[in-house]
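Next come the chains, spelled out residue by residue.
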Amino acid sequence: MVGETRQTASSGQPASDVDVARGLTGEQVAERVAAGRTNRVPDAPVRTLPQILKANVFSPVNGIMLTLFAAILVAGFPRDGLFVGVVVSNAVIGVAQEIRAKRELEKLAVLSAPKARVVRDGEISEVGVSEVVADEIIELTPGDQVVVDGMVCTSAGLEADESLLTGEADPVEKAAGDELLSGSFVAAGSGRYQATRIGADSYASSLSEEARRFVLVNSELRRGIDTILRWLIVIIPPASALLILVLLDTEDHWQNALQGTVAAAVAMVPDGLVLLTSLSFVAGVIALARRRALAKELATVELLARTDVLCLDKTGTITTGHISFGDLEVLPGVDRSRAAAALAAMAHADAAPNATMLAVRDAYDVPPGVDGHDWTPHAAVPFSSARKWSAIEFSGQGAYYFGAPDVLAGDLAEVMDRVAVHAATGRRTLLLAHSPDPLADETLPRQRTPWALVLLEDTIRPDAPEILAFFKEQGVNLKVISGDHTATVAAVAERAGIPNAEAHVDARDLPEDTDQLATVLADNAVFGRVTPQQKRAMVGALQSRGHTVAMTGDGVNDVLALKNADMGIAMGSGSASTRAVAQLVLLDNSFATLPEVLAQGRKVINNVERVANLFVTKAAYAVLLTLLVGMFTVEYPFLPRHLTLVGTFSIGVPGLFLALAPSTELIRPGFLIRVLRFSVPAGMLAAFASFTVYEIARRHDEVSLPEARTVATFTLLGVGLVILVVISRPLRPWKIGLALAMAGSYAVVMAWPFARDFFELDGPPPWMWIPTMVAVAIAGAAVITIPRALRRYERP
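By convention here, each chain's residues receive numbers from 1 onward along its written sequence. Side-chain atom pairs in this predicted model are given and counted only at pLDDT of 80 or more, local residue features only at pLDDT of at least 70, and totals for whole chains, interfaces and linings cover all residues. Calculation of side-chain values draws on the structure's entire complement of heavy atoms; hydrogens and water are dropped beforehand.

(A) Quick look at the pattern of salt bridges. We count a salt bridge whenever a side-chain nitrogen from Lys or Arg sits within 4 Å of a carboxyl oxygen from Asp or Glu. Using the criterion set out here, one finds 29 salt bridges in the structure. Arg192 is the partner of Glu139 in a salt bridge, and the nearest nitrogen-oxygen pair spans 3.4 Å. Here Glu139 is found in strand β3 (residues 137–140), whereas its partner Arg192 is found in strand β7 (residues 185–197), with 53 residues between them in sequence. Arg306 is paired through a salt bridge with Glu302; the nearest N and O atoms lie 2.7 Å apart. With Arg306 and Glu302 both in helix α11 (residues 300–306), this residue pair falls four residues apart, about one helical turn. As far as the burial class goes, Arg306 and Glu302 line up, both buried. One network of salt bridges, in which partners are shared, links Asp406, Asp506, Arg508 and Arg529. Going along the chain from the N terminus, every DSSP run of H or I of four or more residues is numbered as a helix, and every run of E of two or more is numbered as a strand. Three exposure classes are used, based on accessible area relative to the maximum for each residue type with a 1.4 Å probe and protein chains only: buried under 20%, partly exposed in between, and exposed over 50%.

Written as structure tokens, this is what we have:
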């Protein structure tokens, strides 16, 4: 029998010997585990230690630097190979930080990973996805993620949302015998299904471990950095070829020509840019992990900082999500005890109760006869966010409907007037209605009588007003998008401090045209009666106007919008489906974590921009110096060790500090353009200043070539330190101290005979310091004016 079961399971067909009500026995589970027939999913695409080592050691930048190192060794100048230390530091720091981040994320991912409710020996228990075995009977309720492929055994209005697989937004009804694909999730109803394909054969092998992904995504920062690297890769080979041809004609020995070429190429390579960019991202991810916020992608820390529209779901985001029963308000002519019994019967007969039904179930005991003739359920339609009601037909009692009053009662004045009164106070109001007609699938009967209003309480998060006020101060537009009654949503939004909360719209009146929808969204802040499809459309409409949109949510009705938003934010207590598609999961459900996410994003963006300015400036002056050497056909002004010294004191060491420094300045779009507008002029000033001083020194017979190179090095470092101070704004005492420490370090090198000899730095005649200081002062003053000139240029 075991062999037969194994054959049917491996072919993707359910085993016929498994009792759906009792599931597998403990013995059957043990047999499957011993046979290795468990849902062992392949490791998620998290880099292993060998992959991390390979990525950080054998990167393109390190490859270029190692090639140049080999060239300088061939030329016979091992002392000039000091720049290879950058390769070592890049690898060591990069590996250490990525391993650290990997460990932090894996710790949190365990808390966020989906679970499966399996039926074993007639009992329902919750197990990890990897503990599911072949032929397992798995129970499903709304919001559950389908973790393995299988066949539906029982269905109580089961509807699966397969939008993550097919892109189709409409839920698909699933009856007994239908196939369920892992990666989909339950939109409505409940049921049980049997696992047919597990492990690597299941789509869940890629989706169930989604929380452990650790990848670099295509953010604006990374796009800008990649563009810079691509252009430099194009520029470096022809520039180096031109330079070596000139130097072969200028220098006495080919070794010296190769030495000068290597010096120029080393300066053109942004050796630490990729490292410090990744380091900034990783530091942000680790900082969020310590706040129990799981960032699934490195660029998550950047996304919220760029967000200018934050869409909020009311329940579970602005409010605590804990719903409690308030009161039952029966309508005229309705017996209160009869209405209470019907409501209690619906709550206790619901096979997969949501938070609202659980609140009702907690308030009422099982009514007499719920398992007998009076209240025996005959048919049911589960709740759906799209239709906004559920229904149960009881034998001999007709059908009872429970849901949105404006859907079930229409325009009935006596009902809607009372709903409006309660909605104005922020109370959530639902309607219990009765029809003598039997259930007709998802169609509301014409003959239905409102019986009672069910009043529910939902508490606003204590920190919500403060957090929302913070986002308002930061220039982020807030939109509340909820499926509840519009007046209720507006009242809650107003109490939470949402600006313009009085401007609210019933989503049933929203236009379908994207441009018209975007206009309505621009003019209003609160939207009620929104369907899941409308939430997605609203996110798309905002994006069509150039907005960067973040969406928060915790329920199955938020999945489509979370998936399409630039940044999806899910609560840790939310459904497995929302956690699967969101870029950020707040594991402790703390809304107060979002300002920290924003702060980390600003820190990353601002610091990467500062670091990029340093490295692009270095590349700019290296390219221009190459052109000047080719035009004037002179020896290259620097040895590789000189540029290593300048790069270390004006870029490398300061860049490491700046990449991790606190920074809260507001974010502006246009990262790459801004970097180029500053770095190219600054690099040109540094190149002209150092080359001018070099030419002045070289043309005097009393100044030797090493002395000329020394003053050129001093000039380049001096202008570089001015650039460092300028891009470090706003200035802090520690930033000024950092620049002074770097200048002091160069002074130590000049004063220490061993270091001075190693770097071939010879003091020039005293008079030569005058043009040197003048060049530094003029170029430095010009660098200081660049930001001011750019601000005038950008001003409309």
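(B) Fine view of the sheet that holds strand β17 (residues 504–506). A pair of strands is labelled paired if DSSP reports no fewer than 2 bridges between them. Here we have eight strands laid out as an open sheet, ordered β8-β21-β20-β19-β9-β16-β18-β17, and mixed in their pairing. Unpaired on one side and paired on the other, β8 (293–295) and β17 mark the two borders of the sheet. Strand-to-strand, the axes of this sheet are offset by a mean angle of 20°, without reference to chain direction. Relative to strand β21 (residues 584–586), strand β20 (residues 567–571) is paired through three bridges, and the arrangement is parallel. Across the sheet, Ala570 pairs through a bridge with Val585, a residue of β21. Orientation is described by axes fitted as lines to C-alpha atoms, over the contacting stretch for helices, and by angles from 0 to 180 degrees between their N-to-C directions.

(C) View of the packing of aromatic side chains. Any two of the Phe, Tyr and Trp rings considered here, Trp counted by its six-membered ring, make a pair once their centres fall within 6.5 Å; the pair's planes then place it as stacked at under 30 degrees, edge-to-face at over 60, or tilted in between. Evaluation of the coordinates by the stated rule reveals 16 aromatic pairs. A cation sits over an aromatic face here: Arg387 above Trp389, 5.8 Å from the ring centre. Think of it as a cone above the ring: NZ of Lys or CZ of Arg counts as a charge over the ring if it is within 6 Å of the ring centre and within 35 degrees of the ring normal.

(D) Representation of a positive patch on the surface in the model. A patch is a set of surface residues, each over 30% in relative accessible area and not in a salt bridge, joined within 9 Å for like charges and within 5 Å for the nonpolar side chains Val, Leu, Ile, Met, Phe, Trp and Tyr. Per-residue and other accessible areas follow the Shrake-Rupley method at a 1.4 Å probe size, with only the shown protein chains counted as cover for residues. Asp and Glu count as negative and Lys and Arg as positive, but His and the ends of the chain are not part of the count. A charge is said to be at NZ when it belongs to Lys, at CZ for Arg, at CG for Asp and at CD for Glu. Together, Arg729, Arg788, Arg791 and Arg792 line one region of the surface with positive charge. Relative to the assigned elements, Arg791 resides in helix α29 (residues 769–794). Accessibility expressed as a relative area gives 45% for Arg791, which makes it partly exposed.

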